[in-house]
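Examining the three-dimensional arrangement
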Amino acid sequence: MLSALKQFGDTYLMWQEGPLIWISDILILVTLIAIVAALTYFKKWKWLWKEWLTTVDHKKIGIMYLICALLMFFRGGVDGLLMRTQLAFPNNTFLDAEHYDQIFTTHGTIMILFMAMPFIFALFNIAVPLQIGARDVAFPYLNAISFWLFFFAALLFNIAFVFGGSPDAGWTSYPPLTELGFDPGPGENFYLLSLQISGIGTIATGINFIATILKCRAPGMTLMRMPLFTWAVLASSIIILSVFPALTVALALLMLDRIFGTHFFTILHGGNPMMFVNLFWVWGHPEVYIVVLVAFGVYSEVVATFSRKRIFGYASMVASLMAITVVGDITWVHHFFTMGAGPDVNSFFAVTTMMVGIPTGVKIFNWLMTMYQGRIRLTLPMLWTLAFIACFVIAGATGVMLAAAPADYQFHNSYFLVAHFHQALIGGVVFGMLAGMYYWWPKMFGFKLDERLGRWAFWLYNIGFYVCFMPQYALGLMGMQRRMYTYPAGMGWGTLNFVSTIGAYMMGVAFLVIVAQVLYSIKYGERDVTGDPWDGRTLEWSLPSPVPHYNFAVIPTVTGRDMWWTLKQEGRTEELRPRPEDIRDVHMPKNSGRPFLMGVAFFVAGLGFCFWWYGLAVLGLLGVAACLLLRSFEYDDEHEIPAEEIRHVEASLGRL
Amino acid sequence: MSMTLERSGVRMASPDRPLEYSRPLESTRIFGFWLFMATDMLLFACLFATYLILVTHTDGGPTARDLFDVPGFTAETLILLTSSFTGGLATYAMRRRRLGLTLSLLAVTMLLGIAFVSFEASEFIHYAHIGATWQRSAFLSAFFTLVGTHGSHVSLGIVWMLSIMIQLARRGLTPVTARKVFIVNLYWHFLDVVWVFIFTVVYLMGVM
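Residues numbered from 1 in each chain as written. Chains lettered and ligands numbered in written order. Predicted model: local features only at pLDDT ≥ 70, side-chain atom pairs only at ≥ 80, totals over all residues. Heavy atoms only, no water.

**Quick look at the overall build of chain B**
How we decide: Here a strand is any run of E in DSSP of at least two residues, a helix any run of H or I of at least four, and the numbering for each starts at the N terminus. Note on classification: 1.4 Å probe, protein chains only; a residue is buried when its accessible area is under 20% of the maximum for its type, exposed when over 50%, partly exposed between these limits. The criterion used for residue contact is that any of the two residues' heavy atoms lie within 4.5 Å. Only the protein chains shown count as cover for residues, with accessible areas throughout obtained via the Shrake-Rupley method and a probe of 1.4 Å. His is not counted, nor are the chain ends, whereas Lys and Arg count as positive and Asp and Glu as negative. Where a charge sits is defined by one atom per residue type, namely NZ (Lys), CZ (Arg), CG (Asp) or CD (Glu).
Check the secondary structure of chain B and you find seven helices and zero strands. In chain B, buried positions account for 56% of the 208 residues. Pairs at least 24 residues apart make up 79% of the contacts formed inside chain B by residues separated by at least 6 positions. Split by element, the accessible area of chain B, about 8,600 Å² in all, is 70% carbon and sulfur. In chain B, the 15 positive side-chain charges and the 12 negative ones have mean positions that sit 17 Å from each other.

See the structure below:
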């Protein structure tokens, strides 16, 4: 019995690995017990199930995405700090090579797929239905499924750390290194299955938001009257639809190689590893645009609102979004110019890559022109937007350097590249997500986040960013390669690496300040009683904060772009107030526990495949099939909110 | 019942549209399904690309010409194309509100689908018997994955069609059940189109 337990502990829980694992186990256990105890003590289990786990309300799903994104930001950030700690000194022994490999793999994967993606979906969900005058997304039940697939996929990926071992072949997971022969053990399977499961949810979200934006707009909300954030979500969703299938195929084929012994990417029996690299980047490069276009959408809203001007060049903003959507899909080979596809292929992809700079430049100039002669207010969202412009211009310039194929042979896989993509993804995406979080926070929760603490976080994070990543450009040019776990003392890289680590810790402190800011503001934050704390321009600011669950008591008829702003200027805001006689019964979808259970079933199936436990895998898949069939036979999935109840709610909000 | 568009304010749907489009929510769901088919098409496109790269990578094992049996895949093709035709007739019968005819045409479609999948399964089993498994070479990995993905789509379609027939028998033709009949047939046609490409790119080009 005892030896069986030790066997289990050593094989699956990795107890022979030493104190790092034991501490993690204890921390996880203590956190779990604390959560369970708190929920039991405050009698919140029923509340959790009824209000959150079974909800199909886009606003609540958005909040859950946001919480998950921030938690994953923390996990990915800790991974980053562990790496920077190891690299602070030459010949450091803080981490060994194997642990370092695992940590850079989980850092990259988590930051892209389990931090950036849920963060953009949080903003999709929170803002889009409100901006276009809809009561929910087109398919609320599917929206809940998307969330729970993401949630359980993230859980599956994170659990690998203490159960079976993390993947260790980089977030790009190139074969043949990731084939079973070179990478035995479940770690890589965790990567493949968790990405596959969250990918299904992501495709569903893409479908959902295209359908929502194209089919569920309020009357009068023509395409060219839509807020630019909604346009950005449309562009992002189109890219999701176009490229996620390639990721699905890449992951599935690699999984077949590992689980069933096929030969897609093996060296033996005619496999071709470069095919994985192509399929991966057919998705991987547009993935950057999936996340950054949404951030561009946030900047467009923020710049117009806080300059008190309509956005400069609206039509060119839309056109440039769509141009990036198309051109961004045909640049992927620039990730592996060194494959040696030949001068013709490399030239084509070098040119398309540089072409992306044109519509991006158009957007930068439009934001600047919007600010020109505007009455600028330096609020937190605006600060992050201004920081983005400076940061992203540098990222773009170094990007064009990398895009020059002959030069790329020098930069390839060096710290120059690491610095470049961190600048694009932090300066472009993270700044945008934080700006969006600050911007829509009052709409979600009914209070603003504290400005003073926010400024501390802003400056710490920004200065920390440059201290961390500028030295890395130089290190790259000095020959330091990415993913090396240590370096000898004689290379002359020590000082710059040490400086970079200081910057990383500044960013870590900034994150803690943001946490403190949230906690402080829950109690002391300025309450938003008007629903329009920023003097906004678009429809969501015509609603109270937080928004009632049916969103609009009466669906507005839209008469122009930035309609709420126009009405305020002309003193006609009463037109967007619901009139009691216009309020009718509203049909809303019922809550359902099935999306949550479907996530559990996918989790079980994923775990089964990770460890080659086919019984468990089949059990999980049967659960998925059962959920699908039960849904197909479900007809009574709506409930009616009587007009009287809506009148009552609106009256209590002082809107009648 | 009409939820989505009503939620966004567009209240009435026109009565002269086909039954499956008669309510805005159902129409949005059909649109959503078209979007899904676009992603599924791209998924198959990636599998086709993989196959075309690996088709020559036989590693000294069986080639396409050694394996493919012309009468066999011709029969599969004819069965599937016929099932697509009967599926189309089912949609037509559904629009003319003929419940019994719709059900029987769906049943015929489903049976043809089962025949197709059985043919394909026996083809796969035969290949495995003569040593042409998907572990043998990259070409065979790609072949089994591409054709097998199509086959599992068809199998899923059969179960789905059965569940819709049960609902149809229980509830009769309503905008909801009509939409379901319409969508499952869209799916079926889509698989038919994919098969036309498999027939051409895999089988015909394989034996040429």
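**Looking at the interface of chain A and chain B**
Size of an interface, as often reported, equals the accessible area lost when the parts are brought together. Inclusion rule: Joining two parts hides part of their accessible area as seen by a 1.4 Å probe, and the buried area is that hidden amount summed over both. Residue classes follow a fixed rule: Ala, Val, Leu, Ile, Met, Phe, Trp, Tyr, Cys and Pro count as nonpolar, while Asp, Glu, Lys and Arg count as charged, and any other residue, Gly among them, counts as polar.
Each partner contributes to the interface: chain A provides 48 residues, whereas chain B provides 42 residues. Here chain A meets chain B over a buried area of about 3,800 Å², counting both sides, of which 68% is carbon and sulfur. Only α7 (187-215), α8 (228-260), α9 (273-307), β1 (586-589) and α19 (614-632) of chain A provide two or more residues apiece to the side of chain A that touches chain B. With nine residues, α8(A) is the largest single contributor of residues to the side of chain A that touches chain B. Of the residues contributing to the side of chain A that touches chain B, the split by class is 29 nonpolar, 12 polar and seven charged.

**What about the confidence of the model for chain B?**
Residue and element names in this part refer to chain B. Selection criterion: pLDDT is a per-residue confidence score from the predictor, ranging from 0 to 100.
Per-residue confidence for chain B gives a mean pLDDT of 92; residues scoring 70 or more make up 93%. Every residue in residues 1-12 scores below 50 in pLDDT, and together they form 47 contacts with partners more than four places removed in sequence or on other chains. Taken together, the chains of this predicted complex give a pTM of 0.96 and an interface ipTM of 0.94.

**What about the side chain of A:His422?**
Residues and elements named next belong to chain A. Counted only if it meets this: Any pair of nitrogen or oxygen atoms within 3.5 Å is treated as a polar contact; in protein, a donor-acceptor pairing is required on top of that, and neighbouring residues in sequence qualify only through side-chain atoms on both sides.
Relative to the helices and strands, His 422 is located in helix α14 (residues 415-445). At 2.8 Å, the side chain of His 422 forms a polar contact with the backbone oxygen of Val 418. In this structure, His 422 is in contact with His 107, Gly 427, Phe 465 and Phe 469, ignoring residues within four places of it in sequence.

**A few points about the packing of aromatic side chains**
The criterion, for reference: Pairing of aromatic rings covers Phe, Tyr and Trp, the last through its six-membered ring, and needs centres within 6.5 Å; plane angles under 30 degrees mean stacked, over 60 mean edge-to-face, and all others mean tilted. Put simply, a charge is over a ring when the Lys NZ or the Arg CZ is close to the ring centre, within 6 Å, and near the line of the ring normal, within 35 degrees.
Applying the stated criterion across every chain, the model contains 94 aromatic pairs over all chains. With centroids separated by 5.1 Å and ring planes inclined at 40°, the aromatic side chains of B:Phe68 and B:Phe143 adopt a geometry described as tilted. Note that B:Phe68 is positioned in the loop between α3 (64-67) and α4 (70-95) and B:Phe143 in helix α6 (residues 138-171), a separation of 75 residues in sequence. Comparing B:Phe68 with B:Phe143 shows no difference in burial state: the two are buried. Positioned above the aromatic ring of A:Tyr314, the side-chain terminus of A:Arg561 is 3.5 Å from the ring centre.

**Details of the confidence of the model for chain A**
Per-residue pLDDT for chain A averages 95, and the proportion of residues at 70 or more is 100%. Model confidence for chain A, summarised as mean pLDDT per element, is weakest for helix α1 (residues 2-11) of chain A at 83 and strongest for helix α15 (residues 451-477) of chain A at 98.

**A few points about the pattern of salt bridges**
What counts here: The term salt bridge refers to a side-chain nitrogen of Lys or Arg lying within 4 Å of a carboxyl oxygen of Asp or Glu.
Under the criterion given, the structure shown has 24 salt bridges over all chains. Put simply, A:Arg455 and A:Glu451 hold a salt bridge, and the shortest N to O gap is 3.4 Å. Of this pair, A:Arg455 and A:Glu451 both sit in helix α15, four residues apart, which is roughly one turn of the helix. Taking the relative accessible area as the measure of exposure, A:Arg455 reaches 33% and is therefore partly exposed. Classification of A:Glu451 by relative accessible area gives partly exposed; the value is 24%. For the salt bridge of B:Arg179 with B:Glu26, the shortest nitrogen-to-oxygen distance reads 2.5 Å. In this pair, B:Arg179 sits in helix α7 (residues 175-207) while B:Glu26 sits in helix α2 (residues 24-54), placing the two residues 153 residues apart along the sequence. A single burial state applies to B:Arg179 and to B:Glu26, both of which are buried. Through salt bridges with shared partners, a single network forms among A:Arg308, A:Asp532, A:Asp535 and A:Lys568.

**Here's the deal with unusual backbone geometry**
Residue and element names in this part refer to chain A. The residue after Pro 175, namely Pro 176, is reached through a cis peptide bond having omega 5°. Mapped onto the fold, Pro 176 is located in the loop between α6 (140-159) and α7. The residue Lys 43 is not glycine, and still its phi comes out positive at about 55°. Looking at the secondary structure, you find Lys 43 in the loop between α2 (19-41) and α3 (45-53). Its identity as a non-glycine residue notwithstanding, Gln 373 has a phi of 65°, on the positive side.

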